[in-house]
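# Structure assessment
Single-letter residue listing:
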Amino acid sequence: MPIESSHHLPAWDLLASQPVSASPTKTEARDRIVISAQIDDAGCEHVLSRYGDAVWDLRPFIEQPGIAENSKFIRWPADCESDMVADCKAVLYTWTRRGRPGVNPPHWITVKGVAVASCLPLMRWLQCLGVTRFNQINPLHISNYRHHCQHDRRLSPWGVFSRLHFLDLLWAFKAEAAFGLTINPWGASTLMAVCGITGNESGANYSMGGTSKTPLIPADIQTVIFRHCEAVMAQAPALLDARDRGDMRPTASPLLVVRNAALYLISITTGMRNDEALGLEHGAWRSEVLGCITYHWVRSIEHKTKKGAVEYLCPPLTHRVLATLQRFAEPLQRQLAAEIESLQDDAPTSEVLARLAQARADRNRLFLGVSQRNHNRIRVLTSAACGDAMADLAKAAGTDWKLTPHQTRRTYARLFVESRMGRSSLIFLKEQFKHSSLSMTQLYASNPRQDRALFDEILSEIVVYKGELLGNWTSSVPLSGGAGHKIVALRATPHPSRQSLLNNAAEQIHIRATGHGWCLAQDEGCGGAGLYEATRCVDCKNAVIDNSFADTWLGIHEQQSELLALDDVGAAVRQRAHRDVARSASVLADLGIEIPKAKP
């Protein structure tokens, strides 16, 4: 009886029996080392690639959805010096088997990235200089290559790191290479330091020491794309009905637009990465009531930190989108099931096993399409296809924003921060976070299977957001409020490192919006009275009022002026209106805004 599994597994027993190092092995025996192998339904082992092959097949190890099939191979170049290729193989193989001291071995997808982004460019650059072995590299070569990456190629610090990474591995595993480095490539420094990467740049987002690599989707662009996607989803039932009647193919363009709109809506309302969105499967969502609050969850697999099954909080809208997407995917899932049945009757060649594994992995997934590059087979979307889908979506919505999948996670984190700090955010976030008393701690504790990394990114985004505010306040923009006046006065005081000052302040200062200004009160303050009586904040030592609240103060001034024009109010009301007109006028003056003349 066939083994019941979602896809074929690597032949772990065979792989575990392979040596942890290739260096002491004779060439003939070394070339027979198994790099990848699978077991079929009968439990038989099938070798897919060996050490001596020109192509290493990594398909059994790379399960993340969204990675194209042709990206799951390491193709060793025939046009590079054989001694350098052999040492690249030896170092990378040992790295995957042993890892660095005290560090777990890397995932094969990381190794593949190093082979493509670091090994191949380095070998070709060295060949142009007449260098045929790595032991011929001298300090001048390393210095010139780093300069080439930083200045000629104009790579970012992390781009330089990617190019130089193999040199670091070559030194760390020098005993594995037949012609390894004879000098430490970084001297007394480190790879991170020579690339210009500081400690606070090690995360997905640069912290206050730099600018985040991932741009935020502007609020006005968000609104346009979100509404466009809602309109698309509103038309989806009629399109799906037409498909079910046979009037439309399952992958007709209008239906693909529905799928792509669902990708954006699910990503922006959950904060999940693109890999997790592509891993969504049939029926992977639920709702529950905890403490009179209804929580809505969607489940996927988290690959980046290898946590496995995780759940994301989402609004009811997301469940409706998922139901529509599930209906879209059903005929494609049926075709996949039929293909699986056919493949199970074929001879278990390496290609049949690989396709069978992919089909089984995708058979319950929702973001399906037809791969024209791969014999028109049905499979989950690739990351590249998602990028194209997002770009087309933004264009169809009438914007010129270069929308990409990875922007949605950081934008979600920023929207979360703005919502928790009292600033405006999209309606779905207000619905999703239920009410103002639901704190991040309560949300985090509500489900232990949530993606912890998302909360880390939210906390990082809080520091970034507050740092942007502080950076704006300490520049030349006009400010009002008691604390605002103090900040203006402090601008004249020189600081050895303005950025260091902002970093430290952003981590320690509490900043929250009141709707008409920013409150910096740490412990004691007005007790919230300023929330209801805006003009109390004008002279408050904890208040900062910047130009983002200019329209609010114009409105306050106009309202109080209209109140003064009435002749049927008492003396107490008139006295308070006089006071508030004067206070709002002082704020507008501080902000450099001309007060409109009273209407006749």
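Residues numbered from 1 in each chain as written. Predicted model: local features only at pLDDT ≥ 70, side-chain atom pairs only at ≥ 80, totals over all residues. Heavy atoms only, no water.

## Some points on the environment of P405
By the secondary structure assignment, P405 is in the loop between α13 (383-396) and α14 (407-420). With near-sequence residues (within four places) excluded, P405 lies in contact with N274, C386, G387 and M390. (Helix = DSSP H or I, 4+ residues; strand = E, 2+ residues; numbered from the N terminus. Contact = heavy atoms within 4.5 Å.)

## Section: the side chain of Q560
Counting through the fold element by element, Q560 comes out in helix α21 (residues 550-565). Given the relative accessible area of 16%, Q560 is considered buried. Those residues within four positions of Q560 in sequence are excluded, and the remaining contacts are A577, D580 and V581. (Buried < 20%, exposed > 50% of the residue type's maximum accessible area, 1.4 Å probe, protein only.)

## Describing the sheet that holds strand β7 (residues 308-314)
The strand order β5-β6-β7 describes an open sheet built from 3 strands, whose pairing is antiparallel. Each edge of the open sheet carries a strand with a single partner, namely β5 (285-290) and β7. Strand-to-strand, the axes of this sheet are offset by a mean angle of 35 degrees, without reference to chain direction. Taken together, the 6 bridges between β5 and strand β6 (residues 293-302) define a ladder with antiparallel strand orientation. If you follow W285 over to β6, its bridge partner there is V298. (Pairing = 2+ DSSP bridges. Axes fitted to C-alpha atoms, helices over the stretch in contact; angles between N-to-C directions.)

## Regarding helix α4 (residues 108-128)
Between its first and last C-alpha, α4 extends 29 Å over 21 residues, near the 30 Å set by a 1.5 Å rise per residue. In the structure, α4 departs most strongly from a straight axis at A115, where the bend amounts to approximately 35 degrees. Within the sequence span of α4, burial applies to W108, V111, K112, V114, A115, S118, C119, L120, L122, M123, W125 and L126. Contacts from the buried residues of α4 go to β1 (34-39), β3 (55-57), β4 (73-75), α3 (82-98), α5 (139-152) and α6 (157-172). Immediately downstream of α4, the backbone of G130 shows phi near 85 degrees, a positive value. (Expected span 1.5 Å × (residues − 1). Bend = angle between axes of the 7 residues up to and from the residue.)

## Focus on helix α9 (residues 253-270)
Relative to the 26 Å expected for 18 residues at 1.5 Å per residue, α9 spans 26 Å between its end C-alpha atoms, a close match to the ideal helical length. Burial analysis of α9 places 14 of its 18 residues in the buried class, which makes it a mostly covered element. The first or second residue beyond α9 is G271, which carries a positive phi of 80 degrees.

## Some words on the packing of α21 against helix α22 (residues 571-590)
It is at 9 Å that the axes of α21 and α22 come closest, and there the two elements cross at 150 degrees. Viewed along their axes, α21 and α22 adopt a mutual orientation that is roughly antiparallel. Here α21 and α22 pass one another in a crossing that is left-handed. Seen from α21, the contacting residues are A550, W553, L554, I556, H557, Q560, S561, L563 and L564; seen from α22, they are V573, R574, A577, H578, D580, V581, S584, A585, V587 and L588. Here the residues of the contact of α21 with α22 are counted per class, giving 12 nonpolar, 5 polar and 2 charged. (Parallel < 35°, antiparallel > 145°, perpendicular 65-115°, else oblique. Left-handed = near helix turned anticlockwise from the far one by under 90°. Nonpolar A, V, L, I, M, F, W, Y, C, P; charged D, E, K, R; others polar.)

## Focus: the pattern of salt bridges
Going through the model one piece at a time under the given rule, you end up with 23 salt bridges. Put simply, R98 and E176 hold a salt bridge, and the shortest N to O gap is 3.3 Å. Residue R98 is located in helix α3, and its partner E176 is located in the loop between α6 and α7 (191-194); the two are separated by 78 residues in the primary sequence. What makes E176 buried here is its relative accessible area of 9%. Two residues, R355 and E339, come together in a salt bridge whose shortest N-O distance is 2.7 Å. Here the residue R355 occupies a position in helix α12 (residues 350-362), and E339 occupies one in helix α11 (residues 316-344), the gap between them amounting to 16 residues. (Salt bridge = Lys/Arg side-chain N within 4 Å of Asp/Glu carboxyl O.)

## Remarks on the pairing of β1
Burial within β1 is extensive, with 5 of its 6 residues counted as buried. Judged from the 5 bridges that link them, β1 and strand β2 (residues 45-50) form a sheet pairing that is antiparallel. Bridging from a neighbouring strand, Q38 pairs with H46 of β2. The antiparallel pairing of β1 with β2 creates a hairpin that spans 5 residues between the two strands, and G43 there sits at a positive phi of about 85 degrees.

## Quick word on the sheet that holds strand β11 (residues 518-519)
Strand order across the open sheet formed by 3 strands is β10-β11-β12, with antiparallel pairing between neighbours. In this open sheet, the two edge strands, each paired with only one partner strand, are β10 (512-513) and β12 (543-544). Two strands pair when backbone bridges link them, and β10 and β11 are joined in this way by 2 bridges, in the antiparallel orientation. The residue of β11 that forms the bridge with A513 is W518.

## Focus: the nonpolar core
General note: in soluble globular proteins, nonpolar side chains tend to be found buried as a group. Core analysis: the largest hydrophobic core is formed by 84 residues, its most contacted members being Y264, F367, W473, W518 and W553. What Y264 contacts, discounting residues up to four positions off in sequence, is I217, Q222, I225, F226, C229, M390, L393, L403 and T408. Counting residues in each nonpolar core, the second largest holds 56 residues, with A115, W125, L167 and L181 among its members. (Core = buried A, V, L, I, M, F, W, Y, C linked by side-chain atoms within 4.5 Å.)

## Some remarks on the environment of A550
Topologically, A550 is positioned in helix α21. Between the alpha carbons of A550 and I593 there is a distance of 7.9 Å; along the sequence they are 43 residues apart.

## Thoughts on the pairing of strand β8 (residues 368-371)
The pairing of β8 with strand β9 (residues 377-380) spans 4 bridges and is classified as antiparallel. The residue bridging G369 from the neighbouring strand is R379, located in β9.

## A short note on unusual backbone geometry
Its identity as a non-glycine residue notwithstanding, R154 has a phi of 55 degrees, on the positive side. Its relative accessible area of 73% is what places R154 among the exposed residues.

## Let's talk about the packing of α3 against α6
Put simply, α3 and α6 touch, their axes get as near as 10 Å, and they point 75 degrees apart. The pairing of α3 with α6 is recorded here as roughly perpendicular in orientation. Packed against α3, whose contacting residues are D87, C88, V91, L92 and W95, the element α6 presents H165, F166, L169 and L170 at the interface. For the contact of α3 with α6, the residue count by class is 7 nonpolar, 1 polar and 1 charged.

## Things to note about the packing of aromatic side chains
Applying the stated rule across the entire model yields 11 aromatic pairs. Look at W125 and Y145: their rings are 4.8 Å apart centre to centre, the planes differ by 50 degrees, and that puts the pair in the tilted class. Here W125, found in helix α4, pairs with Y145, found in helix α5; they are 20 residues apart in sequence, far enough to count as distant. Residue class for W125 comes out buried when judged on its relative accessible area of 17%. Exposure remark for Y145: the relative accessible area of 1% places this residue in the buried category. By way of ring pairs, the aromatic residues Y51, W56, F61, W76, Y93 and W108 are connected into one cluster. (Phe/Tyr/Trp six-rings, centres within 6.5 Å; stacked < 30°, edge-to-face > 60°.)

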